[in-house]
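This is what each chain is made of:
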Amino acid sequence: MDFLDEPFPDVGTYEDFHTIDWLREKSRDTDRHRKITSKSKESIWELIKSLLDAWSGWVVMLLIGLLSGTLAGVIDLAVDWMTDLKEGVCLSAFWYSHEQCCWTSNETTFDDRDKCPQWQKWAELMTGHAEGGGAYVLNYFLYVLWALLFSFLAVSLVRVFAPYACGSGIPEIKTILSGFIIRGYLGKWTLLIKTVTLVLAVSSGLSLGKEGPLVHVACCCGNLFCSLFSKYSKNEGKRREVRSAPDVSPLSLLQVSYYFPLKTLWRSFFAALVAAFTLRSINPFGNSRLVLFYVEYHTPWYMAELVPFILLGVFGGKTTQLGKYPVLEVIAVTGITAVLAYPNPYTRRSTSELISELFNDCGALESSQLCDYINNPNMSRPVDDIPDRPAGPGVYNALWQLALALVFKIVITIFTFGMKIPSGLFIPSMAVGAIAGRIVGIAVEQMAYHHHDWIIFKNWCRPGADCVTPGLYAMVGAAACLGGVTRMTVSLVVIMFELTGGLEYIVPLMAAAVTSKWVADAFGKEGIYESHIQLNGYPYLDVRDEFTHRTLATDVMRPRRNDPTLAVLTQDSTTVEDVETLIKDTDYNGFPVVVSRESERLIGFVQRRDLTLAIKNARQKQDGVVSSSVVYFTEDAPQLPASNPQPLKLRRILNLSPFTVTDHTPMETVVDIFRKLGLRQCLVTRSGRLLGIITKKDVLRHMAQMMNQDPESIMFN
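Reference entry: report on the structure contained in this document. (Residues numbered from 1 in each chain as written. Predicted model: local features only at pLDDT ≥ 70, side-chain atom pairs only at ≥ 80, totals over all residues. Heavy atoms only, no water.)

What follows is about the state of the cysteines. Counted by the stated rule, this structure contains 1 disulfide. Disulfide pairing places C90 opposite C101 at an S-S distance of 2.1 Å. Here C90 and C101 share a disulfide; its torsion about the S-S bond, 75 degrees, makes the bridge right-handed. Of this pair, C90 sits in strand 1 (residues 88–90) while C101 is found in helix 3 (residues 98–103), placing the two residues 11 residues apart along the sequence. Looking at C90, the relative accessible area reads 2%, which means it is buried. In this structure C220 is a free cysteine whose sulfur lies 7.0 Å from that of C221, the closest cysteine sulfur available. Given a relative accessible area of 1%, C220 falls into the buried group. (Disulfide = S-S within 2.5 Å. Helix = DSSP H or I, 4+ residues; strand = E, 2+ residues; numbered from the N terminus. Buried < 20%, exposed > 50% of the residue type's maximum accessible area, 1.4 Å probe, protein only.)

This is the structure:
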């Protein structure tokens, strides 16, 4: 009798910090689907069960879309409120942000639309004085105090309840989707703490964003709903289909590096539809639109402007070193950030508000300093077609403040990204690029106004025309800087279109994105997330890395010369005690099974975890199994003397079709196989005889060695 005919818990599962076997998971799902299909013909109930199984994927996507869309909307609203809470409070309803408070006021005028009696700054509320040195100092002090409180709560919650909630999460998600196991990284506690601390961290005013961590939150939602359906909870490969689906923007298509079938793409589209509908219902941006920075420019771009656009791409590429340095303590960085940020209005406000203002075109109704131009009193043009004008004192003042903000943002982001709180790099990178872009845009605009007879302006910029849009330069600069940090190109352009709705300006964005990537690649081929993966030593094979060395499988396989012989099991002559000793004395994740030690003919491969669980369960449930019992992997039991104890059949856990290559297979092919099939290991043979084994870790070590890097930097299995 084969006791394994009845399945028992944990067989086929993986330990923490191990890589899954994609081929095995795919095979198990195919077997499961085949059984369900055959049973569906037996009765109506089985047919209903098969239909429920088929639709379970769409149900999961619906739930993910609803929850992730709701969380995104709630996070946005909470961040707006808590960011404004550092400066004041709404007396009519304390849960209103500054903007919402003044929306509801009947006493707000257009000229003073940011001021209303219902909204009071802390100094005015406490002392009754809104102006003066004392009020400024008190507001300054409370601004810093609130920032320190928010960051302290964020870092404390992360450290105590969910250490995995820190950072952006994108490097780890890329690694998990490639098949690596990190238990708890997408768990319920991580979801809860990441959501709460993300609001606290962004509200504290630190130079970080929420877009990257929101990808982590969405994946946690996917993992949460996976546990409701055995189809996904018992299969790590299927679970990764669901985990990749919440990453429904081009940002996340970057993450999905290994396994992304077409049906998952359609389900991702459905999840995005549901999330967008939910977000639209909540309307967190207050503009009845789904984009964070909606722009509407009334002037087309001109070919001559591609030169400054490309120069912005060069600037963006040079900022690739963001986030590679050690970080200071959270509280210290928050204190420094708050103290330095408050005096400058462009660093005091939230980064999203700053980017939104930098992207905006200067219409007739704008009251920003950036729109303080000297108007011609005789001008009688439509509101949307304002000609280029000379800059006023407000613009020049804003330029100095933006220049200081640029230096501040670059330096403080280096120390902020990587701290033990939820922190994204998208928004800070965009802010750096947008500031630089707006400065360049204003400079080009003023050059075109004062020197319209120059050859570079003569053909396309007539006097009195609206030639240059500084907000467009800010958008291009933001894309360039983000591209330099992340090395995205195609997906980056689509992301910028997602965030701004500016479809007409795809060509300038493409020019800047490609240039920034070329310049950044000159400093190093890896983006910030790939560098983070390497820093943590995750076993991640990047599909974009090329392997062109002329080595063979025999050069990489183990055992090598002077190494101990390969640890193997025989098909019908190994005892339970021998197996337990082998498991105890080695730390290998699995063992090849051969006909005999003399012939070394390969039969299959058995996982260490399955072997341990099978023997443990056999000792508990099957009578007669002792240490001297023979373990056999064949269909029929071996011929044994009658005095021998009962043998143990373990054929059920044997993989009869392990992936094999010959010893003369080029490593270029082996690397490609590991990438595209997501292999955990492959066996090396010659004429059917087992020679050695190559694991994913061996491949990564060999690639590091070929690139003159430390091969021992790959820490995990």
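It is worth spelling out unusual backbone geometry at this point. Across residues other than glycine, the phi torsion is negative in most instances, and most of the peptide bonds are trans. Omega for the peptide link from R558 to P559 comes to 5 degrees, which places this bond in the cis form. Here P559 is to be found in the loop between helix 24 (553–556) and strand 3 (569–570). Residue F17 is not a glycine yet carries a positive backbone phi of 60 degrees. By secondary structure assignment, the location of F17 is in the segment before helix 1 (22–39). Note on F17: relative accessible area 24%, which makes it partly exposed. Despite not being glycine, N562 has its phi angle at roughly 70 degrees, a positive value. Looking at the secondary structure, you find N562 in the loop between helix 24 and strand 3. On the basis of relative accessibility, which here comes to 84%, the residue N562 falls in the exposed class.

Below, the discussion takes up the pattern of salt bridges. Tallied over the full model, the rule gives 20 salt bridges. K238 is paired through a salt bridge with D29; the nearest N and O atoms lie 4.0 Å apart. With K238 in helix 10 (residues 236–244) and D29 in helix 1, the pair connects residues that are 209 residues apart, well separated along the chain. Of the two residues, K238 and D29, neither departs from the other in class, the shared state being buried. (Salt bridge = Lys/Arg side-chain N within 4 Å of Asp/Glu carboxyl O.)

Those residues of helix 27 (residues 667–677) that sit buried are M667, V670, V671, I673, F674 and R675. For helix 27, the secondary structure elements touched by its buried residues are helix 24, strand 9 (660–662), strand 10 (681–686), strand 11 (689–695) and helix 28 (696–706). A positive phi of about 65 degrees marks G678, the residue just after helix 27. (Contact = heavy atoms within 4.5 Å.)

Taken as a whole and judged by the stated rule, the model has 15 aromatic pairs. A network of ring pairs unites the aromatic residues W81, F94, W95 and Y96 as a single cluster. Above the ring of Y342, the side-chain terminus of R348 is found at 4.1 Å from the ring centroid. (Phe/Tyr/Trp six-rings, centres within 6.5 Å; stacked < 30°, edge-to-face > 60°. Lys NZ or Arg CZ within 6 Å of the ring centre and 35° of its normal.)

This brings us to the sheet that holds strand 4 (residues 574–575). Spatially, the 3 strands line up as an open sheet ordered 4-7-8, and their pairing is mixed. Each end of this open sheet is capped by a strand with a single partner; those strands are strand 4 and strand 8 (648–649). Judged from the 2 bridges that link them, strand 7 (residues 630–632) and strand 8 form a sheet pairing that is parallel. When the sheet's bridge partners are listed, Y632 is paired in strand 8 with K649. (Pairing = 2+ DSSP bridges.)

With that out of the way, let us pick up the sheet that holds strand 6 (residues 602–607). What the 3 strands build is an open sheet, ordered 3-5-6; its pairing is mixed. Two strands bound the open sheet, and with one partner strand each, they are strand 3 and strand 6. In this sheet, strand 6 lies alongside strand 5 (residues 590–594) in antiparallel orientation, the contact comprising 5 bridges. Residue pairing across strands places G590 opposite Q607, the latter belonging to strand 6.

Core analysis: the biggest nonpolar cluster contains 48 residues, and L358, F359, M430 and M496 have the highest contact counts within it. Counting residues per element, this core draws most heavily on helix 20 (residues 470–486), which supplies 10 residues. Core analysis: the second largest hydrophobic core is formed by 22 residues, V89, A154, V199 and V330 among them. (Core = buried A, V, L, I, M, F, W, Y, C linked by side-chain atoms within 4.5 Å.)

A word on the side chain of T575. Mapped onto the elements, T575 comes out in strand 4. Beyond its immediate chain neighbours, meaning those up to four positions away, T575 contacts S627, S628, S629, V630 and V631.

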